[in-house]
Amino acid sequence: MEELPSTAVGIKLNDGVILAAERRLSYGGYVLSKSAKKVHIIGRFGIAGAGLFGDLQTLTRIMNAEIKYYELYNEKPISTKAAAKLLSIILYQYKYMPFISEILFAGVDNGIPQLYVLDPLGSLLDDVYAAVGSGARVAIGVLEAEYDQNMSLDKGKEIAIKSIKASIERDVTSGDGIDILILDKYGKTYTEYIPY
């Protein structure tokens, strides 16, 4: 399968989970937008991805509705693993006309951060750090060299930014700023945009 344009990374730490992605929206050799947000909050979860921008937006809307429906019907919050499995099932249902997106899905349950990686057909992997998209080969090199599960969220944020910056420098479909989403183990959510 051809690499999907753009770059997104996820890092799971003891104190929380971090998602980051750059903002360039490209198609072939053209830059269509320099302000495409690829990191989203869905309730108490985070989603980031690479691939077709419209597919990522659609999946975010579907998951928003499905999570709300689950929680209303069951009268309890959905766990991160169950929400990721739900996303996996949705992706698999569309296997004949798939959503062209590689996705990072993150959340915190009872103070325990979780990070999942999904491909366009719904394969679900639990991981401590991951990179997806055309800049993933560069970004994963930075993550592998510097990752430590015991580091602080601030240090993790620095590494996420460093890995995205490295991919921006070497991947033509990545660029135009970095969006960061941090979900800490206390249930707080932080977002930040870094021009680059």
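This text follows the structure it describes.
Let me sum up the structure you'll find in this document. (Residues numbered from 1 in each chain as written. Predicted model: local features only at pLDDT ≥ 70, side-chain atom pairs only at ≥ 80, totals over all residues. Heavy atoms only, no water.)

The biggest cluster of nonpolar side chains holds 22 residues, and the ones touching the most others in it are Val9, Ile11, Ile18, Ile178 and Ile180. Those elements giving two or more residues to this core turn out to be strand 1 (7–13), strand 2 (16–22), strand 10 (129–133), helix 3 (136–146), helix 4 (153–170) and strand 11 (178–184). Ranked by residue count, the leading element in this core is helix 4, at six residues. With near-sequence residues (within four places) excluded, Ile11 lies in contact with Gly16, Val17, Ile18, Leu115, Val128, Tyr129, Leu143, Tyr147, Gly156, Ile159 and Ala160. Grouped together as the second largest cluster of nonpolar side chains are 18 residues, Ile42, Leu56, Ile90 and Phe99 included. (Core = buried A, V, L, I, M, F, W, Y, C linked by side-chain atoms within 4.5 Å. Buried < 20%, exposed > 50% of the residue type's maximum accessible area, 1.4 Å probe, protein only. Helix = DSSP H or I, 4+ residues; strand = E, 2+ residues; numbered from the N terminus. Contact = heavy atoms within 4.5 Å.)

Our focus in this paragraph is the packing of aromatic side chains. All chains considered together, the criterion is met by four aromatic pairs. When the centroid spacing of 5.9 Å and the interplanar angle of 20° are considered together, the rings of Tyr69 and Tyr73 count as stacked. Of this pair, Tyr69 and Tyr73 are both found in helix 1 (residues 53–74), four residues apart, which corresponds to roughly one turn of the helix. Tyr69 gets classed as exposed once you look at its relative accessible area, which sits at 53%. (Phe/Tyr/Trp six-rings, centres within 6.5 Å; stacked < 30°, edge-to-face > 60°.)

Before going further, it helps to examine helix 4. In this model helix 4 runs 26 Å from its N-terminal to its C-terminal C-alpha over 18 residues, within 8% of the 26 Å that 1.5 Å per residue would give. Buried within helix 4 are the following residues: Leu153, Gly156, Ile159, Ala160, Ile161, Ser163, Ile164, Ala166, Ser167 and Ile168. In this fold, the buried residues of helix 4 make contact with strand 1, strand 2, helix 3, strand 11 and strand 12 (189–194). (Expected span 1.5 Å × (residues − 1).)

Before going further, it helps to spend a moment on the side chain of Asp171. Looking at the secondary structure, you find Asp171 in the loop between helix 4 and strand 11. Looking at Asp171, its side chain comes within polar contact range of the side chain of Ser134, at 2.7 Å. With sequence-adjacent residues up to four places away left out, Asp171 is seen in contact with Ser6, Thr7, Ser134 and Gly135. (Polar contact = N/O pair within 3.5 Å; in protein donor to acceptor, adjacent residues only side chain to side chain.)

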